[in-house]
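Structure assessment
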Amino acid sequence: MKTIVRTMTVTEAAKAMRDAGIRVSEERVRAGIEQGIYSWGDCVKMRCPEYTVYQKLFYQWMKEQAEPTENEEGETS
């Protein structure tokens, strides 16, 4: 069985977080990954640090943080 690990960039993660209402910058995402606050990413410290955001873990985390919102008719979705 072939498997694939989907990743995303720090830029993509920060944009998704902002779209969900989280005030965050790319710099803050990088710092959070380095400090172990965001468990959905890794940083390999080299001359220029390399960041990997694991898409599945990221969206699981986003789902855990989310609250229901009201649609235009006032119904909770």
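In case you missed it, the structure is sitting above this.
Everything in this summary refers to the structure shown in the same document.

What counts, and where the lines are drawn
Residue numbers restart at each chain and count upward from 1, following the sequence in its written direction. In keeping with the predicted nature of the model, local features appear solely for residues at pLDDT of at least 70, side-chain atom pairs appear and are counted solely at 80 or more, and the whole-chain, interface and lining totals rest on all residues. Note that water and hydrogens are dropped before the side-chain values are worked out from all heavy atoms of the structure. Ring pairs shown here join Phe, Tyr and Trp side chains whose ring centres sit within 6.5 Å, with only the six-membered ring taken for Trp; geometry is labelled stacked below 30 degrees between planes, edge-to-face above 60, and tilted in between. Type-normalised accessible area, obtained with a 1.4 Å probe on protein chains alone, sets the label of each residue: buried when under 20%, exposed when over 50%, and partly exposed for intermediate values. Working rule: Lys NZ or Arg CZ, within 6 Å of ring centre, within 35 degrees of ring normal, means a charge sits over the ring. For salt bridges, the criterion is a side-chain nitrogen of Lys or Arg within 4 Å of an Asp or Glu carboxyl oxygen. Starting at the N terminus, helices and strands are each numbered in turn, a helix being any DSSP run of H or I of at least four residues and a strand any DSSP run of E of at least two. Our arc is simply the arc of the directions from the helix axis toward the C-beta atoms. Contacts between residues were defined by any pair of non-hydrogen atoms, one from each residue, lying within 4.5 Å. Structural elements are reduced to axes, namely lines fitted to C-alpha atoms, with helices fitted over the stretch in contact, and the angle between N-to-C directions of any two is expressed from 0 to 180 degrees. Roughly parallel means an angle under 35 degrees; roughly antiparallel, over 145; roughly perpendicular, 65 to 115; everything else is oblique. Amino acids outside the nonpolar list (Ala, Val, Leu, Ile, Met, Phe, Trp, Tyr, Cys, Pro) and the charged list (Asp, Glu, Lys, Arg) are all regarded as polar, and Gly is one of them. The term nonpolar core refers to a set of buried residues drawn from Ala, Val, Leu, Ile, Met, Phe, Trp, Tyr and Cys, joined through side-chain atoms within 4.5 Å.

1. Looking at the packing of aromatic side chains
By the definition in use, this model includes 5 aromatic pairs. Relative to Y59, the ring of F58 lies with its centre 5.0 Å away and its plane at 80 degrees, an arrangement referred to as edge-to-face. Residue F58 is classed as buried on the basis of its relative accessible area of 0%. Among the aromatic residues, ring-to-ring pairing joins Y38, W40, F58, Y59 and W61 into one connected group. The side chain of R30 reaches across the aromatic face of Y51, ending 5.9 Å from its centre.

2. Some points on the pattern of salt bridges
Considering all chains together, one arrives at 3 salt bridges under this definition. For the salt bridge of K15 with D19, the shortest nitrogen-to-oxygen distance reads 2.8 Å. Of the two residues, K15 and D19 are both situated in helix 1 (residues 10-19); the distance of 4 residues between them amounts to about one turn of the helix. Residue classification places D19 among the exposed positions, given a relative accessible area of 57%.

3. Concerning helix 1
Those residues of helix 1 not exposed but buried are V10, A13, A14, A16 and M17. Buried residues along helix 1 cover an arc of 160 degrees about the axis, so they all sit on one side. Tucked into the core, helix 1 has its buried residues touching strand 1 (7-8), helix 2 (26-34), strand 3 (50-54) and helix 3 (55-65). At the exit of helix 1 stands G21, carrying a positive phi of roughly 100 degrees.

4. Considering the packing of helix 1 against helix 2
Axis separation between helix 1 and helix 2 bottoms out at 9 Å; the angle between their running directions is 110 degrees. It follows from the interaxial angle that helix 1 and helix 2 lie roughly perpendicular. Here V10, T11, A14, M17 and R18 of helix 1 lie close against helix 2, whose contacting residues are E26, V29, R30 and I33. Among the residues forming the contact of helix 1 with helix 2, the class breakdown is 5 nonpolar, 1 polar and 3 charged.

5. A look at the nonpolar core
Residues M17, V29, I33, Y38, W40, V53 and F58 are the most contacted members of the largest nonpolar core, which totals 15 residues. Residue assignment for this core shows that the elements contributing at least two residues are helix 1, helix 2 and helix 3. The greatest single-element share of this core, amounting to 5 residues, is contributed by helix 1. When near neighbours in sequence (up to four residues on either side) are disregarded, Y38 contacts M17, V24, R28, V29, G32, I33 and W61.

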